[in-house]
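Listed below are the residues making up each chain.
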Amino acid sequence: MNNNTHIPRLTSIAWPLLLGTVLTVLGLTLLRPTHARVGQDVAAPSSSAALPTAARTAPPLSPTSRMAMPPPKASASLPPRSRAAAPSAGVVPVTGDGPGGDYAIQQVLESSSPANLPRAEENQLVALGSRIWLAEVTGTGRDRWPTYFGNEPLHTPYRDVRIQAGIARTVGGSPDRARVRLVWAGEDPAGEAEDGRSAQVLLTRSHAAWQPIR
Amino acid sequence: MKKLGCAGLTVLGLLLTPVFLVLFATAAHKQDTPDMQTVGKVSGIPARMLTAYQSAAAQLPGQVPKCKGMTWAVLAGVAKIESDHAAGHKITDNGDITPHILGPLLNGSGAGGNRTSFPDTDGGKWDGTASGERAVGPFQFLPSTWESTGRDGNGDGTKDPHNADDAALGAAVYLCGNGRNLTDRSQLDAAILQYNHSQAYLADVLSWIDRYSQLGDGTIRTNTHATGTAATVINAAFKQLGVPYSWGGGDSNGPTKGTCCSPSGKSGTSITGFDCSGLTLYAYAQVGINLPETAAEQAGIGKRIPASAGVGALQPGDLVFFAYDSSSDSTIHHVGIYLGDSMMINAPRPGTSVRTEQVWDQGYAGGARLL
């Protein structure tokens, strides 16, 4: 038996201690709850058989509809109360309200970000984006944009699609790039009808002509 | 041999501790992974269809050895959008589905708004018509595609697109192509777009693949039970199951006659019930929390849980929101109460009642934790 006890020098135990610390932190990290990213892209697109004559079918909007929505109110300190009268019609959209309620969605979209295009140009871009999106989800009209859609057919289209609302905003401050944000309703291939679906179409302008890009 | 002195034992202990921690963490994670029966139940996938998806994923390596990442969740995501897992149809023990699932006639006539024309290839063998082509079965194969892709998934000697096992295996083979790596998101995208070339389809299928995957691997926890104030909130909402939707209805005391009107003119004045934010306002009032009127305003209360964190970040009792633009809280239009198992209780829309359902895949905008 070797009775010679050897006291390790500080430097000879430093590395094992450091390694142990790193592994301890790793182990503790693994024990923490993790939250995976859903990876759900809100970018949604779909289309309908009837091309809207104008993306905006809502009653004329007041200039104030382009104002930003007021911030949510905190009311945790208020005493219990009965609900006040419901918000005025046209402000709070609701799922399943039908075409008659689409203008409320239009108002919400318009208020969600400051307008940065002339109204007439924005309307044109929304109309273009709507036609492209209809082609995206029904297959109808894809031949107008062969580069964008390619030759792949759509064998299980979405059905009974309508564009509920749409806005267009420039991208990155460029006057030649725009994002059309749409809300649409339609029936998926399985027959599930949903409204309030989101979609985005990116457009770029070249030689005065707007074209979709991926 | 040197004896380990005190310093040596200390060093050994420090080195072994993290090893044990890692082993413990791994074991704990495995215990959180639910069994497939639970997954099927909470996901709403019929048991026989789930069996078909699992069987196909297990058989796929023998069909396309180079393919990686084919899972039951990938097949379930596709089938969810193609046929809602054969909803409304009977499935026999051997996987046969009746009545046959048939898509619209693709003869360019404009059925459902589609004017693409596919010439007839099967003489009606699979789709019942010789005047054009219809997608068939739970995975909605075109008969022409089935001729080259169809497989015998249940070993009965036939390749039938109306059989759940055959169709699932055929879909798995088609998605795998020449040997895709479906764990690579871009290759998974390409596979789904090849299946049906539409960005809307891609987004919808991916959202369900992700949902099913997270239920299967425990990211979305199952069999969770609310306690304390969360249980009080949920129980209060559950007592209102079946109460009609009423625009403007509901307050801190319970269901009320609503107001006029929704944007399209639907009135709640003759209906005693709740709208979506009225139900949550009532439920939280039972624990002394006074919520604001609208869903968008309720998102400003408590700790905001971003949509990017996923459904798995929610806990029972959280508010859950839906928006037209998930990056903008001002576009929030609906709110429910999360129950766990990717389920929520809510007052969905006019014409419905307070009910439980899967957290919507459309417009998910995260949650808020107030408890």
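Residues numbered from 1 in each chain as written. Chains lettered and ligands numbered in written order. Predicted model: local features only at pLDDT ≥ 70, side-chain atom pairs only at ≥ 80, totals over all residues.

**Thoughts on the overall build of chain A**
Thought 1: Per the secondary structure count, chain A includes four helices and four strands.
Thought 2: The helix and strand sequence of chain A, counted from the amino end, reads α-α-α-α-β-β-β-β.
Thought 3: Each of the 214 residues in chain A was classed as buried or not, and the buried ones make up 39%.
Thought 4: Restricting to contacts in chain A with at least 6 residues of sequence separation, those with at least 24 account for 64%. (Helix = DSSP H or I, 4+ residues; strand = E, 2+ residues; numbered from the N terminus. Buried ≥ 20, exposed ≤ 12 C-beta atoms within 10 Å, placed from the backbone. Contact = placed C-beta atoms within 7 Å.)

**A short note on the overall build of chain B**
Thought 1: Scanning chain B for helices and strands turns up 11 helices and 10 strands.
Thought 2: The C-alpha extent of chain B, read off along each of the three principal axes, is 90 × 65 × 35 Å.
Thought 3: Split into buried and exposed, the 371 residues of chain B put 55% on the buried side.
Thought 4: Once local pairs closer than 6 in sequence are excluded, the contacts in chain B between residues at least 24 apart make up 61%.

**Comments concerning the nonpolar core**
Residues and elements named next belong to chain B.
Thought 1: In this structure, Tyr53, Leu75, Ala168, Ala172, Phe321 and Ile337 are the most contacted members of the largest nonpolar core, which totals 133 residues.
Thought 2: Per-domain counts for this core show at least three residues from each of domain 1 (37-101 + 136-216) and domain 2 (228-369).
Thought 3: Beyond its immediate chain neighbours, meaning those up to four positions away, Ile337 contacts Val233, Ile234, Ala237, Thr280, Ala283, Gly317, Leu319, Met344 and Ile345. (Core = buried A, V, L, I, M, F, W, Y, C linked by C-beta atoms within 7 Å. Domains from an automatic or database assignment.)

**Some remarks on the environment of B:Ala86**
All names here are of chain B.
Thought 1: Mapped onto the secondary structure, Ala86 falls in the loop between helix H4 (72-83) and strand S1 (90-91).
Thought 2: Sequence separation between Ala86 and Ala164 is 78 residues; the distance between their C-alpha atoms is 8.8 Å.
Thought 3: Not counting the four nearest positions on each side in its chain, Ala86 is found in contact with Met49, Ile91, Ile97, Ile101, Pro138 and Ala164.

**Remarks on the sheet that holds strand S5 (residues 303-305) of chain B**
All names here are of chain B.
Thought 1: With antiparallel pairing, six strands are arranged side by side in an open sheet as S5-S10-S6-S7-S8-S9. What marks the edges here is a single partner per strand, and that holds for S5 and strand S9 (355-358). Going from strand to strand, the sheet's axes swing by 35° on average, the running direction of each strand aside.
Thought 2: Strands strand S7 (332-340) and strand S8 (343-346) of the sheet are contacted by helix H9 (residues 228-238), whose axis makes an angle of about 110° with S7. (Pairing = 2+ DSSP bridges. Axes fitted to C-alpha atoms, helices over the stretch in contact; angles between N-to-C directions.)

**Some words on the sheet that holds strand S2 (residues 174-187) of chain A**
Residue and element names in this part refer to chain A.
Thought 1: Taken together, four strands build an open sheet; the order of strands is S1-S2-S3-S4 and the sheet is antiparallel. Two strands in the sheet have a free side with no partner beyond their single neighbour: strand S1 (159-171) and strand S4 (209-213). Taken over all neighbouring pairs, the strand axes of this sheet differ in orientation by 35° on average, direction set aside.
Thought 2: Sheet topology note: the S2/strand S3 (residues 193-206) ladder contains 10 bridges and is antiparallel.

**Observations regarding the domain arrangement of chain B**
All names here are of chain B.
Thought 1: Domain assignment breaks chain B into domain 1 (37-101 + 136-216) and domain 2 (228-369).
Thought 2: Look at where the C-alpha atoms of domain 1 and domain 2 centre, and you get two points 34 Å apart.
Thought 3: Counting residues at the interface gives eight residues for domain 1 and seven residues for domain 2.
Thought 4: Among the elements that take part in the side of domain 1 that touches domain 2, helix H8 (residues 199-216) stands out by supplying six residues, more than any other.

**Structural notes on helix H10 (residues 276-285) of chain B**
All names here are of chain B.
Thought 1: The buried count for H10 comes to 10 of 10 residues, which makes it a mostly enclosed element.
Thought 2: When we look at burial in H10, the residues that qualify are Cys276, Ser277, Gly278, Leu279, Thr280, Leu281, Tyr282, Ala283, Tyr284 and Ala285.
Thought 3: Buried residues along H10 sit in contact with H9, helix H11 (295-298), strand S6 (319-323), S7 and S8.

**Some words on the packing of helix H2 (residues 36-43) of chain B against H8(B)**
Residue and element names in this part refer to chain B.
Thought 1: Look at H2 against H8: their axes get within 9 Å of each other, and the N-to-C directions meet at 140°. One finds that H2 runs oblique with respect to H8. For the element pair H2 and H8, the recorded crossing hand is right-handed. Touching Val39, Val42 and Ser43 of H2 are Tyr212, Leu215 and Gly216, all from H8.
Thought 2: Split into classes, the residues belonging to the contact of H2 with H8 amount to four nonpolar, two polar and no charged. (Parallel < 35°, antiparallel > 145°, perpendicular 65-115°, else oblique. Left-handed = near helix turned anticlockwise from the far one by under 90°. Nonpolar A, V, L, I, M, F, W, Y, C, P; charged D, E, K, R; others polar.)

**Concerning the environment of A:Gly196**
Thought 1: Within the secondary structure, A:Gly196 sits in strand S3.
Thought 2: For the pair A:Gly196 and A:Gly96, spaced 100 residues apart in the sequence, the C-alpha separation amounts to 8.4 Å.

**A few points about the UniProt feature "domain: NlpC/P60" (unreviewed entry) in chain B**
Thought 1: With numbering matched to this structure, UniProt assigns "domain: NlpC/P60" (unreviewed entry) to residues 227-371 of chain B.
Thought 2: As annotated, residues 227-371 of chain B comprises 17% helix and 24% strand, and the C-alpha atoms at either end are separated by 11 Å. (UniProt positions renumbered as here; feature names shortened; annotations may be inferred.)

**Overview of the packing of H9(B) against H10(B)**
Residue and element names in this part refer to chain B.
Thought 1: Direction vectors running N to C along H9 and H10 enclose 130°, while the axes themselves pass 8 Å from each other. Comparing the axis directions of H9 and H10 gives the class oblique. Taken as a pair, H9 and H10 cross one another with a handedness that is right-handed. Here Val233, Ala236 and Ala237 of H9 come into contact with H10, specifically with Leu279, Tyr282, Ala283 and Tyr284.

**What to know about helix H2 (residues 102-112) of chain A**
Residue and element names in this part refer to chain A.
Thought 1: By the criterion of burial, H2 is predominantly enclosed, with 11 of the 11 residues buried.
Thought 2: For H2, every residue scored as buried is listed here: Asp102, Tyr103, Ala104, Ile105, Gln106, Gln107, Val108, Leu109, Glu110, Ser111 and Ser112.
Thought 3: Buried residues along H2 sit against S1 and S2.

**A word on the confidence of the model for chain B**
Thought 1: Looking at chain B as a whole, the pLDDT averages 91, with 92% of positions reaching at least 70.
Thought 2: Across the interfaces of the predicted complex, the ipTM metric reaches 0.87, alongside a pTM of 0.80. (pLDDT = per-residue confidence, 0-100.)

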